[in-house]
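One letter stands for each residue in the lines below.
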Amino acid sequence: MVKQISLFISMLVFLSLLGTEHSQVWAENGSQDDFLSEEEGPPPPGANDPQCRPSEEHPEPVVLVPGTFETMERNFINLSPMLKEKGYCVFALNYGYENGIPASGPIEQSAAELKTFIDNVLELTGAEKVSIVGHSQGGMMPRYYMKYLGGADQVEDLVGLVPSNHGTDGVAGFTELTTTGADVASCTACHQQLTGSDFITNLNKGDETPGDTSYTVVTTRNDEVVVPYTSAFLNGPDKKVVNITIQDYYPYDQIEHQNIAQDPLAFQFVFDALDHDGPADPDRAVALFK
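Only a predicted model underlies this, so the values are computations on that prediction, with no experimental measurement involved.

Draft legend 1. Seen up close, the packing of aromatic side chains. Taken as a whole and judged by the stated rule, the model has seven aromatic pairs. Judged by centre distance (5.0 Å) and plane angle (45°), the ring pair of Tyr 144 and Tyr 148 falls under tilted. Residue Tyr 144 and its partner Tyr 148 are located together in helix 5 (residues 137-148), separated by four residues, close to a single helical turn. Given a relative accessible area of 13%, Tyr 144 falls into the buried group. An angle of 25° between the planes, with centres 5.6 Å apart, marks the rings of Tyr 144 and Phe 199 as stacked. A residue pair is termed long-range when its members are at least 10 positions apart, and Tyr 144 in helix 5 and Phe 199 in helix 8 (residues 198-203) qualify at 55 residues. In this pair, the class of Tyr 144 matches that of Phe 199, namely buried.

Draft legend 2. Unusual backbone geometry, seen in detail. A cis amide bond links Val 227 to the next residue, Pro 228, at an omega of -5°. Relative to the assigned elements, Pro 228 resides in the loop between strand 5 (214-219) and strand 6 (241-245). Of note, Ser 136 is a non-glycine position whose phi angle comes to about 60°, a positive value. Considering the arrangement of structural elements, one finds Ser 136 in the loop between strand 3 (130-135) and helix 5. The buried category is assigned to Ser 136, whose relative accessible area is 7%.

Draft legend 3. Highlighting the packing of helix 4 (residues 107-125) against helix 5. Following both chains from N to C, one finds helix 4 and helix 5 inclined at 80°, their axes separated by 8 Å at the closest point. Overall, the two elements helix 4 and helix 5 adopt an arrangement that is roughly perpendicular. Here Ile 107, Glu 108, Ser 110, Ala 111, Leu 114, Lys 115 and Ile 118 of helix 4 come into contact with helix 5, specifically with Gln 137, Met 140, Met 141, Pro 142, Tyr 144 and Tyr 145. Partitioning the contact of helix 4 with helix 5 into residue classes produces nine nonpolar, two polar and two charged.

Draft legend 4. Spotlight on the environment of Ser 55. Along the polypeptide, Ser 55 turns up in the loop between helix 1 (2-16) and strand 1 (62-65). The partly exposed category is assigned to Ser 55, whose relative accessible area is 31%. Looking at Ser 55, its side chain comes within polar contact range of the main-chain nitrogen of His 58, at 3.0 Å.

Draft legend 5. Spotlight on the sheet that holds strand 3. Across the sheet, which stays open at both edges, the six strands sit in the order 2-1-3-4-5-6 with parallel pairing between neighbours. Each edge of the sheet is formed by a strand with only one pairing partner; in this case those strands are strand 2 (90-92) and strand 6. When the angles between neighbouring strand axes are averaged without regard to direction, this sheet yields 15°. As paired strands, strand 1 and strand 3 are joined by four bridges and run parallel to one another. Opposite Val 62, over in strand 3, you have Ser 131 as the bridge partner. Packing of helix 9 (residues 264-275) onto the sheet brings it into contact with strand 1, strand 3, strand 4 (155-161), strand 5 and strand 6, and relative to strand 4 it is tilted by some 170°.

Draft legend 6. A look at the pattern of salt bridges. Scanning all chains against the criterion turns up seven salt bridges. One salt bridge in this structure joins Lys 86 and Asp 275, with 3.5 Å as the shortest N-O distance. With Lys 86 in the loop between helix 3 (79-85) and strand 2 and Asp 275 in helix 9, this residue pair connects regions lying 189 residues apart in the sequence. Asp 275 gets classed as partly exposed once you look at its relative accessible area, which sits at 34%. Close ionic contact of Glu 156 with Lys 129 constitutes a salt bridge, the shortest N to O distance being 3.6 Å. Of this pair, Glu 156 sits in strand 4 while Lys 129 sits in the loop between helix 4 and strand 3, placing them 27 residues apart in sequence. For Glu 156, a relative accessible area of 22% translates into the label partly exposed. Judged by its relative accessible area of 24%, Lys 129 falls in the partly exposed class.

The rules behind these values
- Residues numbered from 1 in each chain as written.
- Predicted model: local features only at pLDDT ≥ 70, side-chain atom pairs only at ≥ 80, totals over all residues.
- Heavy atoms only, no water.
- Phe/Tyr/Trp six-rings, centres within 6.5 Å; stacked < 30°, edge-to-face > 60°.
- Helix = DSSP H or I, 4+ residues; strand = E, 2+ residues; numbered from the N terminus.
- Buried < 20%, exposed > 50% of the residue type's maximum accessible area, 1.4 Å probe, protein only.
- Axes fitted to C-alpha atoms, helices over the stretch in contact; angles between N-to-C directions.
- Parallel < 35°, antiparallel > 145°, perpendicular 65-115°, else oblique.
- Contact = heavy atoms within 4.5 Å.
- Nonpolar A, V, L, I, M, F, W, Y, C, P; charged D, E, K, R; others polar.
- Polar contact = N/O pair within 3.5 Å; in protein donor to acceptor, adjacent residues only side chain to side chain.
- Pairing = 2+ DSSP bridges.
- Salt bridge = Lys/Arg side-chain N within 4 Å of Asp/Glu carboxyl O.

Following this line, the structure appears as structure tokens:
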């Protein structure tokens, strides 16, 4: 309990240090790549190069979507340059500012921001589809864009690292603690990600995995934010959906929620999903790493 309360206090300290309000800049006027302006903050290394064009080997640009309270630079500082080195065009965004706090506003509005960003990426690069890699809320929120905003036809792969697909019972099971923290932070998205919320219920009503997109979920038994960790799992046909618990393949990897976005072992499943048709094949991914 002491550890979880410490995590909670650290989160509030982080929020208090965040900057002022941000405003999204999109490619509505001016040059085609205006939407990549750094007014929202710098991208992670390797991302948002307006000159990058997809190759025949990697035809889909990769869009990186950070989690609640996170920025693209911090969340993907390791993954982004590795994807760039592998030959992918990489793009990333910040979104969902509420009271100056990133990825904390209404998730429906964040999904609309993602739609605009992806539309701009497709126009800039000439690609027909993108692949998405998201952490936490960033692995779940794109499903709203795909299900309700027409995005299913524009996404080849959705890879979620500890995504909050079915909500959470609260940090380490402390629902009341999470709710109180969300109130302090004025975090609409936090309330929406609680198990049984209207948003989560609506998101998972009917088909959880629309379109021909391939869905890969990578989670950890040590997730102290998405509780229980199996809440990340998606329901869908095996040919298009795979749910991976990292300890089933790397038993000594005791990574938790936040740091899985920096975990080179978790990245192997990301790379496998992006490099092949269909979702990740965890046995193949592990074999390649070894």
